[in-house]
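# Coordinate inspection notes
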Amino acid sequence: MIRLNAFFELKSDKDTQVLAATMLAKDLVAQSRQDDGCIDYDFFKSTTRPGVMMFCETWRDQAALDAHSASAHFVSLVPQIEALTKNGMHLNRFEF
């Protein structure tokens, strides 16, 4: 299995930016959980660093992750989320 933790920091921690990122993230989570091979997919907001958020994903295998990365919802939503960040997403990958 593959675990991905994708951290990002918003350009601004103003309510409008946080709300926009949260709505996009929740949409991405809801659709991604339906992808074949998705074991788990969650979204978190830091309680210690305003504007810092994280996706935590678990995939069955590389083929499932590749299909997810090519999906319409991923291709549409991730660039919208990244446009709200200071420096894009920082990805940590773990295999188990």
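Everything quoted here is computed from the prediction, not taken from an experiment. (Residues numbered from 1 in each chain as written. Predicted model: local features only at pLDDT ≥ 70, side-chain atom pairs only at ≥ 80, totals over all residues. Heavy atoms only, no water.)

## Observations concerning the packing of helix H2 (residues 62-70) against helix H3 (residues 72-82)
- Here H2 crosses H3 at 60°, and the two axes come no closer than 4 Å. Considering the angle they form, H2 stands oblique to H3. Judged by residue contacts, His68, Ser69 and Ala70 of H2 engage Ala72, His73, Phe74 and Val75 from H3.
- Split into classes, the residues belonging to the contact of H2 with H3 amount to four nonpolar, three polar and no charged. (Axes fitted to C-alpha atoms, helices over the stretch in contact; angles between N-to-C directions. Helix = DSSP H or I, 4+ residues; strand = E, 2+ residues; numbered from the N terminus. Parallel < 35°, antiparallel > 145°, perpendicular 65-115°, else oblique. Contact = heavy atoms within 4.5 Å. Nonpolar A, V, L, I, M, F, W, Y, C, P; charged D, E, K, R; others polar.)

## Some remarks on the sheet that holds strand E4 (residues 90-95)
- Taking strand neighbours across the sheet as the criterion, the four strands line up as E2-E3-E1-E4 in an open arrangement whose pairing is antiparallel. At either margin of the open sheet sits one strand with a lone partner, and together these are strand E2 (38-45) and E4. Here the average twist between neighbouring strands, direction ignored, is 10°.
- Relative to strand E3 (residues 52-59), E2 runs antiparallel, the two sharing seven bridges. The partner of cysteine 38 across the bridge, within E3, is tryptophan 59.
- Where helix H1 (residues 15-32) meets the sheet, its contacts fall on E2 and E3, and the angle it forms with E2 comes to roughly 170°.
- Set on the sheet, H2 makes contact with strand E1 (2-9), E2, E3 and E4; between it and E3 the angle comes to about 130°. (Pairing = 2+ DSSP bridges.)

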